[in-house]
Amino acid sequence: MSPQNTSVLIIYTGGTIGMIQNAETGALETFNFEHLHTHIPELQKSYCRIDTIQFEPPIDSSDMEPDAWRKIVKIISDNYDQYNGFVILHGTDTMAYTASALSFMLENLAKPVILTGSQLPISVLRTDGKENLMTSIEIATAQNPDGTPVVPEVCILFENHLMRGNRTTKLNAENFNAFRSFNYPVLADAGIHIKYKYGAIHKPENDLPLEPHYLLDTRIAVLKLFPGIHENVVAATLAIEGLRAVVLETYGSGNAPRRKWLLRLLHEASKRGIVIVNVSQCCAGTVEMERYETGYHLLQSGIVSGYDSTTESAVTKLMFLLGHGYSPEKIRELMKQSIAGEITIPES
Ligand code: ASP
């Protein structure tokens, strides 16, 4: 239960949670936010003040774009002082991208921003949406004994886990437990009680004011390696006009075939100023390019380690850094540093 005199702003962007079934086609369609109030009368009973803002029209998260992230950042920034926390209702498909982007765009965040959604619409009897929403509200208003928020981070709450947003990936299109944070511990387990893992939760190091960022550069490609990948596929990707960065999804601990053409193409692209970040296709574990000869060659080609980053986090971090107009060298340096708890730097 949220403490009294707390307040939360719910930002409804769309997604299954607020959808209903079209009577004719049977397909799920977005619906007006009033729908949520009708199906969760408990919202009225909550101790805390709950206000809502909805995207007009609400969107399926497959249509999510950086402009919508800017819109969310603007809403949070304009309302930052008025609320204890923020809950963003969002489709699950791209929720991990949005959570990652927001973690970079909301610099000095000191309040909870909890993204949640559902696998079944809120109007369906077995819906997971009701529980996810009520738990998110509780987490967004949870306070330490000194009145500071318990979770001052961008997080995803799904089913019974609270996770750092930029560490999550959607891994299941069927089960209620749709998200996982493979490389960072959960921030809370939500069962009968919400058990916070205080040691894993980020604490703001200063009390600087929130600094919202809006500049993003999307001239990025994701290139996934597979056995038999053609030289011209890699060459065409790296030759895309205006391309500024590539997330290279490699094997295991950051390994790639030792083909001469591949290393040459990657090396030449790096020299032209394209930032290439090595992220593993494995969900868990970290890139260690020094470990195998197949990774070592990549290192020699000027490729930067993404360590244990998710692809979602690497893509949005690159958008954020490129948007700031930093040089390729500076971006390579910043990709190897954690700026919002998104990577674990191995101890040397
Ligand atoms: N396609 C929907 C969306 O991401 C799925 C969901 O809400 O879970 O908006």
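Cut-offs applied
Here the residue numbering is sequential within each chain, running from 1 through the sequence in written order. Per-residue local features are limited, in this predicted model, to residues with pLDDT of at least 70; the limit for side-chain atom pairs, both in listing and counting, is 80 or more; totals at the level of whole chains, interfaces and linings are taken over all residues. Hydrogen atoms and water are omitted, and side-chain values are computed over all heavy atoms in the structure. Secondary structure elements follow DSSP: runs of H or I of four or more residues count as helices, runs of E of two or more count as strands, with numbering from the N terminus. In what follows, residue pairs with any heavy atoms lying within 4.5 Å of each other are defined as contacts. By convention in this text, a residue qualifies as near a molecule or strand provided that one of its non-hydrogen atoms is within 4 Å of it. For this analysis, a polar contact is any N or O atom pair within 3.5 Å, provided that within protein one partner can donate a hydrogen and the other can accept it, and provided that sequence-adjacent residues contribute only side-chain to side-chain pairs. For the area figures, the Shrake-Rupley method with a 1.4 Å probe applies, and any residue is considered shielded solely by the protein chains shown. Strands were regarded as paired on the criterion that DSSP finds at least two bridges between them. Definition of nonpolar core: a set of buried residues of the types Ala, Val, Leu, Ile, Met, Phe, Trp, Tyr and Cys, connected through side-chain atoms within 4.5 Å. Remark: exposure states derive from per-residue accessible area (1.4 Å probe, protein chains only) relative to the maximum for the residue type, with buried under 20%, exposed over 50%, and partly exposed in between.

**Student:** Could you clarify how one ought to interpret the environment of Leu 322 in this entry?
**Tutor:** Looking at the element boundaries, Leu 322 is found in helix 9 (residues 311–323). Taking the C-alpha atoms as reference points, Leu 322 and Arg 219, separated by 103 residues in sequence, lie 8.6 Å from one another. Contact partners of Leu 322, with chain neighbours within four places excluded, come to Asp 217, Ile 220, Arg 244, Ala 245 and Ile 331.

**Student:** It is not clear to me how the site of the ligand should be interpreted in this structure. Could you clarify?
**Tutor:** Surrounding the ligand, one finds Gly 15, Thr 16, Asp 60, Ser 61, Gly 91, Thr 92, Asp 93 and Ser 118. Taking Thr 16, its main chain carries an N or O atom lying 2.8 Å from an oxygen atom of the ligand. Asp 60 has a polar side-chain atom sitting 3.0 Å from a nitrogen atom of the ligand. Coverage of the ligand by the protein amounts to 89% of the 260 Å² it exposes when considered alone.

**Student:** Where do I start with the sheet that holds strand 15 (residues 220–224) in this structure?
**Tutor:** Strand pairing within a sheet occurs via backbone hydrogen bonds; the two strands may be parallel or antiparallel. Here four strands make up an open sheet; going across it, the order is 15-16-17-18 and the pairing parallel. On the outer flanks of this sheet lie strand 15 and strand 18 (304–305), each paired with one strand and no other. Relative to strand 16 (residues 245–250), strand 15 runs parallel, the two sharing five bridges. Bridge pairing in strand 16 places Ile 220 opposite Ala 245.

**Student:** What is the right way to read the nonpolar core from this model?
**Tutor:** One recurring pattern in soluble globular proteins is that nonpolar side chains are buried together. Counting 50 residues, the largest nonpolar core has Ile 76, Leu 102, Leu 106, Val 113 and Leu 318 as the members making the most contacts within it. Ranked by residue count, the leading element in this core is helix 9, at seven residues. Ile 76 has contacts with Ile 11, Phe 86, Ile 88, Leu 106 and Val 113, leaving out every residue within four places of it along the chain. Ranked by size, the runner-up nonpolar core spans 28 residues in total, among them Val 8, Ile 114, Leu 162 and Tyr 196.

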